[in-house]
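# Breakdown of the fold
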Amino acid sequence: MNENLVTVLFIADIFGKPGLQITAQLLPGLREKYQPDLIVANGENGVDGKGQNEKVAQQFFDLGIDVVTGGNHIWDNAGVYKVWQKDSRVLRPANYPPGNAGRGSMIVETKNGAPIAVINLQGRTYMYSIDCPFRIADEILRHVNRKTNLVFIDFHAEATAEKMALAWYLDGRVSAVIGTHTHVPTADERILPGGTAYLTDAGMTGPYDSVIGMRKEIAIKRFMRQIPIHFEPAEGDVRLCAVVVKIDRESGKAKSIERLFLS
Ligand code: FE2
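Summarised in this report is the structure supplied together with it. (Residues numbered from 1 in each chain as written. Predicted model: local features only at pLDDT ≥ 70, side-chain atom pairs only at ≥ 80, totals over all residues. Heavy atoms only, no water.)

## Side note on the environment of L30
By the element assignment, L30 lies in helix α1 (residues 16-34). For the pair L30 and A12, spaced 18 residues apart in the sequence, the C-alpha separation amounts to 14 Å. (Helix = DSSP H or I, 4+ residues; strand = E, 2+ residues; numbered from the N terminus.)

## Section: helix α3 (residues 79-86)
Among all positions of α3, only G79, V80, V83 and W84 are buried. The arc that holds every buried residue of α3, seen down its axis, measures 145°, which confines them to one face. Opposite the buried face of α3, at more than 90 degrees from it, the exposed residues are K82, Q85 and K86. Buried residues belonging to α3 abut α2 (54-62). (Buried < 20%, exposed > 50% of the residue type's maximum accessible area, 1.4 Å probe, protein only. Arc of directions from axis to C-beta. Contact = heavy atoms within 4.5 Å.)

## Focus: the packing of aromatic side chains
What the rule picks out here adds up to six aromatic pairs. Ring centres 5.4 Å apart and planes at 40° place the aromatic pair F10 and F152 in the tilted group. Of this pair, F10 sits in strand β1 (residues 5-11) while F152 is found in strand β6 (residues 151-156), placing the two residues 142 residues apart along the sequence. The pair F10 / F152 is uniform in exposure class, with both members buried. (Phe/Tyr/Trp six-rings, centres within 6.5 Å; stacked < 30°, edge-to-face > 60°.)

## What about the coordination of the iron ion?
Within the protein, the iron ion binds to E44 (OE), N72 (OD1), H156 (NE2) and H181 (ND1); these donor distances fall in the range 2.1 to 2.4 Å. Overall, the relative accessible area of 12% leaves H181 in the buried class. (Donors = N, O, S within 2.8 Å, 3.2 Å for Na, K, Ca; no water.)

## Quick word on a nonpolar patch on the surface
A cluster of nonpolar side chains, V184, V211, I212 and F223, forms an exposed patch at the surface whose accessible area comes to about 380 Å². Within the secondary structure layout, V211 lies in the loop between β10 (206-207) and α6 (216-225). (Patch = residues over 30% accessible without salt bridge, like charges linked within 9 Å, V, L, I, M, F, W, Y side chains within 5 Å. Areas by Shrake-Rupley, 256 points an atom, 1.4 Å probe, with all protein chains shown as cover. Salt bridge = Lys/Arg side-chain N within 4 Å of Asp/Glu carboxyl O.)

## Description of the nonpolar core
Counting 30 residues, the largest nonpolar core has L9, I11, F60, I65 and V90 as the members making the most contacts within it. Among the elements of the structure, β1, α1, β2 (38-42), α2, α3 and β11 (238-248) are those that each provide at least two residues to this core. Of the residues forming this core, the biggest block, five residues, is contributed by α1. Each residue touching I11, except ones within four places of it in the same chain, is listed here: T23, L27, I39, V40, A41, N42, T205, L240, C241 and A242. Among the nonpolar cores identified, the runner-up in size contains 26 residues, and V6, V40, I116 and A254 belong to it. (Core = buried A, V, L, I, M, F, W, Y, C linked by side-chain atoms within 4.5 Å.)

Put into structure tokens, the structure is as follows:
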């Protein structure tokens, strides 16, 4: 273990029970191999593929996950409001308009005693027209940078271009911009010239015998008939997607990024 590095393990969208099961199975080995100082997981689809509640959030924390990030689906289960009443470790995108419950960023202490900010943002292209993620990132960084240079961002967005644009916009100012939401892992992990680790999409930790997590027969029907048919979560071919980012403790610059796709 290098004292000057902070290792963040980010687990991609943990989808329902299959996602939690494979995380429980593989996380002990990942902890041993990578010795993460902080574990972050996207949990917007934790409850059977939609939202969060107290019981499932607790299961995330019992696995050793330190911070849970969200996205557009974090609002889908009303149980999340109860979580937010007493637990600040479950985030929702910071750029939802003012007046909403929950929060979109926090500073946590890593296992090796370094303060690190975790920020959750959401894109607007092909999604809700919420507040500008670029400007909200600036605003949050103004506060965060008084306390730490270590900043990890989960950018929950549909469009590749928007994710890449935000990463370039923040290059050198944050340690990592990792995309989520599409449930499909991309193979473009890299460190931008300013020292920001970037990956367009971390993928999904859940069933791949599916259409982005849902039963494929139902998804096909919905596309063909163009009417709302109730989605059901799939179960087969479960995999775990994750990213390991090593960050220089003093400068906050990323030193390495490694993408994992395990079954
Ligand atoms: Fe999403």
